[in-house]
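Listed below, chain by chain, are the residues.
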Amino acid sequence: MARMRIVIVGAGFGGLSAAHSLAGADADVFVIDRRNYHLFQPLLYQVATAGLSPAQIASPIRAILRQAANISVTLGKVSGIDKDRRVVAIDDREIAYDRLILATGARHSYFGRDEWESMAPGLKKIDDATGIRRRILTAFENAESTDDPEARRRFLTFVVIGGGPTGVEMAGAIAELARVVLRHDFRRIDPREARIVLVESGQRLLSAFPPKLSEAAQVSLKKLGVDVRLGAPVTQCDFAGVAIGNQRLETATVVWGAGVMASGAAYWLDAQKDRIGRVIVEPNLSVPGNPEIFVIGDTAHVQGLNGSPLPGLAPVAKQQGAYVGRVLRAQLAGNPAPPPFRYRNWGTMATIGRRAAVADLGWLKLSGTLAWLLWGLVHISLLIGFRNRLIVTLDWLWSYVTFQSGARLITGGGSH
Ligand SMILES: Cc1cc2nc3c(=O)[nH]c(=O)nc-3n(C[C@H](O)[C@H](O)[C@H](O)COP(=O)(O)OP(=O)(O)OC[C@H]3O[C@@H](n4cnc5c(N)ncnc54)[C@H](O)[C@@H]3O)c2cc1C
């Protein structure tokens, strides 16, 4: 009998975890991704704020899966799925499957205001991060060059939209860049005068965390000099600045961290989806009516024990990938199927700056230095590849001790 063909689309946290759990299985596994590298998204904000360089948070997919002889990697962008013929369409080719795992993640959402994207880029890819880094560093350069005080004020105003983990991390990191890292680098401006505004339409930051930790995050941001605006939706965004409610803020640099939308998997499958486009899956993560197709990670809508959908987090995607791997291994061995998927929540964290973070471990809520140390430890241990871990640790230690930041390069986009 022919060996089972398992196709995994997406080599992010979910797809890679599924691939790892199928390494050595009695099946041919094909991993497809539109990029040739796995990206550690939780540290993207460090690239955007010149703390790390892109290669430190990305690893080639082929190298990661090199040891698994039954797994092949294909570079290509999936554009559709034919469920009847059981094929995945990539560019001008098709790849057949017996079982399919879709782990294509999520992208930004501008709540119907897609025209804001060019003014307020979001952070999802390496190109987004280097583009934001270019905008931030160029704003300081322009402030140094201009003689017009109004223009200088505009260049030294940075607005981050969205008070979730990405917005909080970005606002904290821009504040540190201005107040600590760049403070001696300019002659005509004092980067410490930069104004960093974090705008959140809800009543508190980090709404997925307990209120006590939201408050701790707000206090830490205020200490860094970030102007936090709560209950304030952004109503307009253009090249001159943003409007927050009735107030106008002139700025040259806006970063979007407010909303996400699942990848197009629900559309490819013509499957039932939720408000943000996630495929509503069965308790074993398969698609209703198509038990041979599984959807995991940011693209899947899975009910948690408390009745609300599981959040878009790396550990959720990883555990789901490993689970589907177990389901398929059981099928291959003719064993009974494992019980429905259950997410084990070991805790969530968000960092705010040097020596400030919040961590919700369920039984323990931490903020401040201890939470920050834990955050650093977890993020370094999860980075793929010994070399990346070592280099990031050394880089962080170096910038911590010297107050230097290693990747302050303005690149791409004609550079200026
Ligand atoms: C800036 C940022 C910070 C974050 N911080 C944290 C954090 O601190 N902690 C945490 O737990 N989570 C964090 N997250 C969320 C976490 O990164 C996601 O929940 C996780 O990546 C989801 O895994 P996934 O496998 O579903 O998707 P992803 O990891 O996004 O992987 C999707 C993969 O699919 C590929 N792909 C997409 N479409 C196609 C296509 N058409 N064809 C081929 N390939 C395709 C992509 O190239 C990508 O490799 C953060 C996310 C961002 C953006």
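Scroll up for the structure.
Just so we're clear, the structure is a prediction, and the values are computed from it rather than from any experiment.

Definitions and limits used
- Residues numbered from 1 in each chain as written.
- Predicted model: local features only at pLDDT ≥ 70, side-chain atom pairs only at ≥ 80, totals over all residues.
- Heavy atoms only, no water.
- Helix = DSSP H or I, 4+ residues; strand = E, 2+ residues; numbered from the N terminus.
- Rg over C-alpha atoms; globule rule 2.2 N^0.38 Å.
- Buried < 20%, exposed > 50% of the residue type's maximum accessible area, 1.4 Å probe, protein only.
- Areas by Shrake-Rupley, 256 points an atom, 1.4 Å probe, with all protein chains shown as cover.
- Lys, Arg positive; Asp, Glu negative; His and termini not counted.
- Charge placed at Lys NZ, Arg CZ, Asp CG, Glu CD.
- Near = heavy atom within 4 Å.
- Polar contact = N/O pair within 3.5 Å; in protein donor to acceptor, adjacent residues only side chain to side chain.
- Nonpolar A, V, L, I, M, F, W, Y, C, P; charged D, E, K, R; others polar.
- Patch = residues over 30% accessible without salt bridge, like charges linked within 9 Å, V, L, I, M, F, W, Y side chains within 5 Å.
- Salt bridge = Lys/Arg side-chain N within 4 Å of Asp/Glu carboxyl O.
- Contact = heavy atoms within 4.5 Å.
- Pairing = 2+ DSSP bridges.
- Axes fitted to C-alpha atoms, helices over the stretch in contact; angles between N-to-C directions.
- Left-handed = near helix turned anticlockwise from the far one by under 90°.

Asker: It is not clear to me how the overall build of the protein chain should be interpreted in this structure. Could you clarify?
Answerer: Along its length, the protein chain carries eleven helices and 25 strands. For 416 residues, the compact-globule formula gives about 22 Å, and the C-alpha radius of gyration of the protein chain, at 22 Å, lands near that figure. For the C-alpha atoms alone, the extent of the protein chain along its principal axes is close to 75 × 50 × 45 Å. Burial analysis of the protein chain (416 residues in total) assigns 53% to the buried set. Surface accessibility of the protein chain: about 19,500 Å² in total, with carbon and sulfur atoms responsible for 54%. Taken as two groups, the 48 positive and 36 negative side-chain charges of the protein chain have centres that lie 6 Å from each other.

Asker: I would appreciate a short explanation of the site of the ligand in the present structure.
Answerer: Residues in close proximity to the ligand total 28 residues, the closest being Gly14, Asp33, Gln41, Val78 and Asp298. At a separation of 3.3 Å, an oxygen atom of the ligand approaches a polar side-chain atom of Arg35. Within the side chain of Gln41, an N or O atom sits 2.8 Å from an oxygen atom of the ligand. In isolation the ligand has 990 Å² of accessible area, and contact with the protein removes 92% of it. Among the secondary structure elements, those contributing two or more residues to the shell around the ligand are helix 1 (13–22) and helix 9 (314–333). When residues of the shell around the ligand are assigned to their parent elements, the largest contribution, three residues, is made by helix 9. Looking at side-chain class alone, the shell around the ligand contains eleven nonpolar, eleven polar and six charged residues.

Asker: It is not clear to me how a nonpolar patch on the surface should be interpreted in this structure. Could you clarify?
Answerer: A surface patch of nonpolar side chains, amounting to about 440 Å² of accessible area, comprises Phe386, Leu390, Leu394 and Leu397. Considering the arrangement of structural elements, one finds Leu397 in helix 11 (residues 386–402).

Asker: Mind showing me how you'd approach the side chain of Glu200 here?
Answerer: Position of Glu200 relative to the elements: it lies in the loop between strand 12 (195–199) and helix 7 (211–223). Salt bridges are absent for the buried Glu200, whose nearest opposite-charge side chain, Arg204, sits at 9.0 Å. A polar contact of 2.7 Å, which involves the side chain of Glu200, links it to the backbone nitrogen of Gly202. If we ignore the near neighbours within four places in the chain, the residues touching Glu200 are Gly162, Gly163, Gly164, Leu205, Arg229, Leu230, Gly231 and Ala232.

Asker: Before we go on, may I ask you to explain the sheet that holds strand 24 (residues 356–360) in this structure?
Answerer: Two modes of strand pairing occur in sheets, parallel and antiparallel, and in both the strands are linked by backbone hydrogen bonds. Pairing within the open sheet is antiparallel, and its three strands lie in the order 23-24-25. Bordering the open sheet on either side are strand 23 (348–353) and strand 25 (365–367), each of which pairs with just one other strand. Across the sheet, the mean angle from the axis of one strand to that of its neighbour is 10 degrees, orientation sign disregarded. In this structure, strand 24 lies alongside strand 25, joined through three bridges in antiparallel fashion. Bridge assignment links Ala359 to a residue of strand 25, and that residue is Leu366. Of the strands in this sheet, strand 23, strand 24 and strand 25 are in contact with helix 7, which crosses strand 24 at around 175 degrees.

Asker: What is the right way to look at the environment of Leu39 in this model?
Answerer: Relative to the assigned elements, Leu39 resides in strand 3 (residues 37–39). According to the relative accessible area criterion, Leu39 is buried, its value standing at 3%. The residues touching Leu39, leaving out its near neighbours within four places in the chain, are Phe13, Leu44, Ile57, Ala58, Lys124, Lys125 and Ile126.

Asker: Can you walk me through the packing of helix 4 (residues 126–145) against helix 6 (residues 165–181) in this structure?
Answerer: Axis angle and axis distance: for two packed helices, these are the angle between their axes and the distance between the axes, and together they describe the pair. Helix 6 packs onto helix 4 with a crossing angle of 35 degrees between their chain directions and a minimal axis gap of 12 Å. Along this stretch, helix 4 crosses helix 6, giving a crossing that reads as right-handed. The segment helix 4 lies against helix 6, with Ile132, Ile136, Leu137 and Phe140 engaging Met170, Ile174, Leu177 and Ala178. Of the residues contributing to the contact of helix 4 with helix 6, the split by class is eight nonpolar, no polar and no charged.

Asker: Would you take a moment to explain the environment of Ala350 for this structure?
Answerer: Relative to the elements of secondary structure, Ala350 occurs in strand 23. Separated by 310 residues in the primary sequence, Ala350 and Phe40 have C-alpha atoms spaced 15 Å apart. For Ala350, the residues in contact, after removing those within four places along its chain, are Pro165, Glu169, Leu206, Phe209, Ala357, Val358 and Trp375.

Asker: Please clarify how the sheet that holds strand 5 (residues 71–75) should be interpreted in this entry.
Answerer: Spatially, the six strands line up as an open sheet ordered 5-2-1-9-21-20, and their pairing is mixed. Two strands close off the open sheet at either side, each with one partner strand: strand 5 and strand 20 (286–287). With three bridges joining them, strand 9 (residues 99–102) and strand 21 (residues 290–295) adopt parallel strand pairing. Counted as the bridge partner of Leu100 is Ile293 from strand 21. In the packing of helix 1 onto the sheet, contacts are made with strand 1 (4–9), strand 2 (27–33), strand 5 and strand 9, and the angle to strand 1 comes to roughly 155 degrees.

Asker: Before we go on, may I ask you to explain the pairing of strand 7 (residues 87–90) in this structure?
Answerer: Remember that side chains alternate between the two faces of the sheet whenever the strand is regular. Pairing between strand 6 (residues 78–82) and strand 7: four bridges, direction antiparallel. Note on strand 7: the bridge partner recorded for Asp82 is Val87. Counted between consecutive antiparallel strands, the loop separating strand 6 from strand 7 contains four residues, among which Arg86 sits at a positive phi close to 55 degrees. Here strand 7 pairs with strand 8 (residues 93–96) via four bridges, running antiparallel. Each residue of the ladder has a partner; that of Val88, found in strand 8, is Ile95. The loop that links strand 7 with its antiparallel partner strand 8 comprises two residues; one of these, Asp91, has a positive phi angle of about 45 degrees.

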